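# Chains, contacts and geometry: an overview
So you can see what is in the structure, the chains are spelled out below.
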Amino acid sequence: MDFATLAQWRQQHGAERTRLVDTYLRRRRAAPLLQGLSRAADRLLHQVWEASDLPENAALVAVGGYGRDELYPHSDIDLLILLDDTLPSHEEARIEPLIGLLWDLGLHVGHSVRRLSECLSEAAGDITIQTNLLESRFLGGDLLLYFRYRERFAAHLDPLKFFEAKSLEQRNRHGRFADRALLLEPNLKESPGGLRDVQTASWVCRAADLPTDFTGLAEAGFLSVEEARLINTRLSFLQHLRIRLHLTSKRREDRLLFEFQEQLAADMGYRASNSHRASEQLMQRYFLVARELSLINEFVLGCVHDRLLPNEANATIPGNQDFIARGNRLEIADPMLFERHPASILDAFLILQQQPELSGFSPKTLRAMWRARSRIDAQFRNDPANRARFLALFREPRGHTLVLRLMHRLGILGRYLPAFDRITGQMQHDLYHVHPVDEHTLMVLRNLRRLAMPEFAHELPFAHRVMLDFGRPDLLYLAALFHDIAKGRGGDHSKLGEVDARRFCRSHGLPDPDTDLVAWLVREHLSLSSTAQKQDLADPDVISAFADHCGDLTRLTALYLLTVSDIRGTNPTIWNSWKDKLTRELYLASRRRLEGEAPHADLVEARKEEARATLRLYGFSPGSETRIWNQLDDVYFLSHEAQEIAWQTRRLLPVVGREEIIVKARLAPIGEGVEVLVHAPDEKALFARICGFFAGMRYSVLQARIHTTQDGYALDSFLVMDESSRTPYRDILNYIEFELTAHLKQHAPLVDIPPGRLSRQLRAFPLQPEASLNASLLENTWLLSVTAGDRPGLLYDVARILTARKANVRSARINTLGQRAEDVFVVEGESLIQPENRLRIEQELLEKLAVTA
């Protein structure tokens, strides 16, 4: 075959694809494009097959998505080259040039070469191959061979085994992609509710000899006309989105990556509003569509299951004739039960909680409940009996997570709480939330529930004990349900949510104390986290103010439990041992304050005494610690726990008095990261140099505590962590001690460090930095608050600017929330007295911290 012919075919095929895409962009119809691209490939492949020197008893077959007559702009063309079993082995060599020729023509081909018997044997042992061969089209070659293949494949296909295998495969796939589906970059094909779920429903229907399109299933009575219309509309949305994604990325890409979301939103007609980015609106639409498609998939698979296994054992539900147990699932006895008696919808959920042997609803019940969801209207919501039923869901001892997730999937939770419906699928491109608001809320509820369960006590032993002692978990669940319910409305969502929570509690007859607690928790759900991570917990005034703000132990305890569950439900990378320590430390200190325990002076002396006892265990003589402790003020002892004081004293006593730089490191007692102690003659740039060293290591600084002894030495401690490996090797301790000491001895000028690579999310959604420098409560000190997109070297950049402006850091709180850094520094220096100098620092920080995509 000459090059001119190949060039002509390639040019014609490319021109036809371009024409099809241009037509799609004008008319916005997905099906003609997918089928048109498939037919264009058909024509080219037929030409190539006919012009090639190939065996007569061979056939070219389209399989997979291409066999379904759907071809996305950059999808692979899946081909089966089918050979007759009688074909001599040496004839197979004539096939090899064909594949290279197809690639030369610019076709992205996924191919397999199999004899007829191999197709059947390999399909029998591999569900993926069996599925791929299930959808096939003849393209060229031996037509009779293709018909024999179809006939024998159908004869070997066991519908029940195929259904069970595809159901298991889908459950495994959902398990792999479940978290990702709720993250910010879902996979359009593989995530729950994606295109693969639609295809799986079609495959099992084909194997069970049922219609494979949803209109046909409606005509056969397996779906309603409304359900078929709904799934076709939702499927069209996903097809458009995947087509646009391929065109935007210019490659085969099925993940809705950050860098494409804004462009895709604009292409599909979304525009930014005052409260939501265009991409957030697009993603909200995607999650709503995915939820409905996932549900329809379950309906269809349930119909196929009942057709293939019609005689599953039933059992009665004690004391309730409206329901039966079908296997381990709850089923309605009357298909019209929910239409006639909508209150039975909530009764069904209560039964599910009360019967531990039940794992969910049967497909028949799910469909009936979903169809009857519109019966949950204002009259339903205002019925006192239904309100009592809804509250009872939160007071049952088990099943909260299962029930609330089912209610949400079916749209029932949103029908009962219209405000919750508005946050369903609502994205949060704030660089640290990885779930839509609704899924985050359910994650918080799940986390609260896990705190009460003995099998999860190992996750957070202290919080588990606190939860067991808290008498009203139902109030915590309600607070969790409402804590973010006002997101996206504009204004302070905590205060707006408080109004919603109070209205709900009053309308549902909760006593005033319970109502006040739930509403207060919603309003204050960020306060404990903010105080723990941004303020100095060694300051007795901070503890007193926070304890007084809580007012009593019940509120404090409830807020602690909600805060822990909220942070853990925000982003799996955010919660760590350090945040666990901070929240627990603030809770315990505030509890001591509310219980009237140790004041400031007593606490200092108690820590000294505990540290002395530890030193005695290491053989230090009584009074030896005074050589160091006499140089330190009470702030030092309030800032450190007794074990930290003992460790630092133990490491410094053998070398105290030497005019040299001392660096000591150990694995942090909290279980993650490295604790580093630096004792050195004080100098203005010391903090910046230390930060620069860790920036060069690509280590994150979680906390810095800066102290100056009375004899002019800096006694600084740092908690640092390598985010890629939170549990460091012990070898790194020697490296830090040696290299940091050498680095500080050089007294080299502060130099630029190459900036680290920004995350894709931060490049796609840059965060406008903020910097404010205001007077602190402490005399002659200022509080610097910095918010910016997190990146390696961020803290070093801040330290260099402060050093250049003669501002000394007394303490630093480094708070990293996903890709967002919210750092707080207490600084001092005569230059800060002048307002213009403070303004200059703010301006320089804003310029330095600005992140561009």
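Scroll up to find the structure.
What this report covers is the structure whose coordinates are included nearby.

Rules used in this analysis
Residues numbered from 1 in each chain as written. Predicted model: local features only at pLDDT ≥ 70, side-chain atom pairs only at ≥ 80, totals over all residues. Heavy atoms only, no water. Helix = DSSP H or I, 4+ residues; strand = E, 2+ residues; numbered from the N terminus. Buried < 20%, exposed > 50% of the residue type's maximum accessible area, 1.4 Å probe, protein only. Contact = heavy atoms within 4.5 Å. Areas by Shrake-Rupley, 256 points an atom, 1.4 Å probe, with all protein chains shown as cover. Lys, Arg positive; Asp, Glu negative; His and termini not counted. Charge placed at Lys NZ, Arg CZ, Asp CG, Glu CD. Phe/Tyr/Trp six-rings, centres within 6.5 Å; stacked < 30°, edge-to-face > 60°. Lys NZ or Arg CZ within 6 Å of the ring centre and 35° of its normal. Pairing = 2+ DSSP bridges. Axes fitted to C-alpha atoms, helices over the stretch in contact; angles between N-to-C directions. Core = buried A, V, L, I, M, F, W, Y, C linked by side-chain atoms within 4.5 Å. Parallel < 35°, antiparallel > 145°, perpendicular 65-115°, else oblique. Left-handed = near helix turned anticlockwise from the far one by under 90°. Nonpolar A, V, L, I, M, F, W, Y, C, P; charged D, E, K, R; others polar. Salt bridge = Lys/Arg side-chain N within 4 Å of Asp/Glu carboxyl O. Disulfide = S-S within 2.5 Å. Patch = residues over 30% accessible without salt bridge, like charges linked within 9 Å, V, L, I, M, F, W, Y side chains within 5 Å. Expected span 1.5 Å × (residues − 1). Arc of directions from axis to C-beta.

Turning our attention to the overall build of the protein. Of the regular secondary structure elements, the protein holds 39 helices and 17 strands. In terms of overall dimensions, the protein has C-alpha extents of about 100 × 75 × 55 Å along its principal axes. When each of the 853 residues of the protein is scored for burial, the buried share is 56%. A sequence separation of at least 24 residues applies to 70% of the contacts in the protein between residues at least 6 apart. When the accessible surface of the protein is totalled, it reaches about 37,000 Å², and 50% of it is carbon and sulfur. Where the 107 positive side-chain charges of the protein centre and where its 115 negative ones centre are 2 Å apart.

Counted under the stated rule, the structure contains 21 aromatic pairs. For the pair Phe349 and Phe361, a centre-to-centre distance of 5.2 Å together with 75° between the ring planes defines the contact as edge-to-face. In this pair, Phe349 is assigned in helix α15 (residues 344-354) and Phe361 in strand β8 (residues 360-361), connecting sequence segments twelve residues apart. No difference in accessibility class separates Phe349 from Phe361, as the two residues are buried. An aromatic cluster is defined as three or more aromatic residues linked by ring pairs; in this entry it consists of Phe380, Phe390, Phe394, Tyr416, Phe482 and Phe504. Over the face of the ring belonging to Tyr66 we find Arg137, whose NZ or CZ atom lies 5.1 Å from the ring centre. One cation-aromatic arrangement involves Arg450 over Phe456; the distance from NZ or CZ to the ring centre is 3.8 Å.

The strands making up a sheet associate through backbone hydrogen bonding, with each pair oriented either parallel or antiparallel. The strand order β5-β6-β7-β8 describes an open sheet built from four strands, whose pairing is mixed. Among the strands making up the open sheet, the edge pair consists of β5 (314-317) and β8. Sheet analysis places strand β6 (residues 320-326) next to strand β7 (residues 329-332), joined by four bridges and oriented antiparallel. Across the sheet, residue Ala325 finds its bridge partner in β7, namely Leu330. Packed on one face of the sheet, helix α16 (residues 363-371) meets β7 and β8 and runs near 55° to β7.

By the secondary structure assignment, Gln239 is in helix α11 (residues 225-249). Relative accessible area serves as the criterion here: at 10%, Gln239 is assigned to the buried category. When sequence neighbours within four positions are dropped, the list of residues in contact with Gln239 reads Ala30, Leu34, Glu70 and Tyr72.

One finds Tyr286, Phe338, Phe349, Phe390 and Met407 to be the most contacted residues of the largest nonpolar core, which totals 199 residues. Per element, the largest residue contribution to this core is 15 residues, and it comes from helix α13 (residues 278-308). Leu686, Ile736, Leu773 and Ile801 belong to the second largest nonpolar core, which has 51 residues in total.

With that settled, consider the pairing of β5. As defined by bridge partners, β5 adjoins β6 across four bridges and the pair is classed as antiparallel. Within β6, the residue paired with Asn314 across the bridge is Arg326. Linkage of β5 to β6, two consecutive antiparallel strands, is achieved through a turn of two residues, within which Gly319 is found at a positive phi near 80°.

Across the sheet, four strands lie side by side as β3-β2-β1-β4; this open sheet has mixed pairing. This sheet does not close on itself; its edge strands, each paired only once, are β3 (109-115) and β4 (136-141). Geometrically, the sheet is characterised by an average inter-axis angle of 25° between neighbouring strands, direction not taken into account. Where strand β1 (residues 58-63) and β4 come together, five bridges link them in antiparallel fashion. The residue of β4 that forms the bridge with Ala59 is Gly141. Lying on the sheet, helix α5 (residues 116-125) is in contact with β2 (77-83) and β3; it crosses β3 at an angle near 105°.

Relative placement of two packed helices is described by the angle separating their axes and the distance separating the axes. Helix α24 (residues 473-482) packs onto helix α18 (residues 384-395) with a crossing angle of 110° between their chain directions and a minimal axis gap of 8 Å. It follows from the interaxial angle that α18 and α24 lie roughly perpendicular. The way α18 lies across α24 gives a crossing that is right-handed. Counting all contacts with α18, which are made through Phe390, Leu391, Phe394 and Arg395, the residues of α24 involved are Asp474, Tyr477, Leu478 and Leu481. Looking at the contact of α18 with α24, its residues break down into six nonpolar, no polar and two charged.

On to the pattern of salt bridges, then. Following the criterion strictly, the structure yields 59 salt bridges and no others. Here Lys581 makes a salt bridge to Glu641, at a shortest N to O gap of 3.5 Å. Taken together, the residues Lys581 in helix α30 (residues 577-594) and Glu641 in the loop between α33 (634-639) and α34 (642-652) connect sequence positions 60 residues apart. Arg689 is paired through a salt bridge with Glu683; the nearest N and O atoms lie 2.8 Å apart. If you follow the salt bridges from partner to partner, you end up with Glu498, Arg502, Asp516, Arg523 and Glu524 in one network.

Another point: unusual backbone geometry. In the Ramachandran plot, Arg28 falls in the positive-phi region, its phi being about 55° despite a non-glycine side chain. Checked against the element boundaries, Arg28 lands in the loop between α1 (3-27) and α2 (30-51). For Arg28, a relative accessible area of 46% puts it in the partly exposed group. Backbone geometry places Lys806, a non-glycine residue, at a positive phi of 60°. Here Lys806 shows up in the loop between α38 (794-804) and β15 (808-813).

Next up on the list: the packing of helix α26 (residues 512-524) against helix α29 (residues 553-568). Between α26 and α29, whose axes approach to 10 Å, the crossing angle comes to 50°. In terms of orientation, α26 and α29 fall into the oblique class. Crossing of α26 against α29: the hand is right-handed. When α26 is examined against α29, the residues Asp516, Leu517, Trp520, Leu521 and Glu524 are found in contact with a partner set consisting of Thr554, Arg555, Ala558, Leu559 and Leu562. Along the lines of polarity and charge, the residues of the contact of α26 with α29 split into six nonpolar, one polar and three charged.

Before going further, it helps to spend a moment on the state of the cysteines. Using the criterion set out here, one finds zero disulfides in the structure. Residue Cys205 stays outside any disulfide, its sulfur separated by 8.1 Å from that of Cys303, the closest cysteine. Assessed through its relative accessible area of 1%, Cys205 is described here as buried.

Taken together, the side chains of Leu143, Leu144 and Phe147 define a hydrophobic patch exposed on the protein surface, amounting to about 310 Å² of accessible area. Inspection of the secondary structure puts Leu143 in helix α7 (residues 143-156). Judged by its relative accessible area of 38%, Leu143 falls in the partly exposed class.

Turning next to α11. The first and last C-alpha atoms of α11 sit 36 Å apart over 25 residues, in line with the 36 Å expected at 1.5 Å per residue. Of the residues trailing α11, Lys250 is marked for its positive phi of about 60°.

The next point concerns helix α39 (residues 835-849). The end-to-end C-alpha distance of α39 is 21 Å, a good match for the 21 Å that 15 residues give at a rise of 1.5 Å each. Among the residues of α39, those classed as buried are Arg838, Ile841, Glu842, Leu845 and Leu849. For α39, the arc enclosing every buried residue in end-on projection is 95°, short of the 170-degree limit, so these residues lie on one face. Next to the buried residues of α39 lie β13 (770-775), β14 (781-789) and α38.

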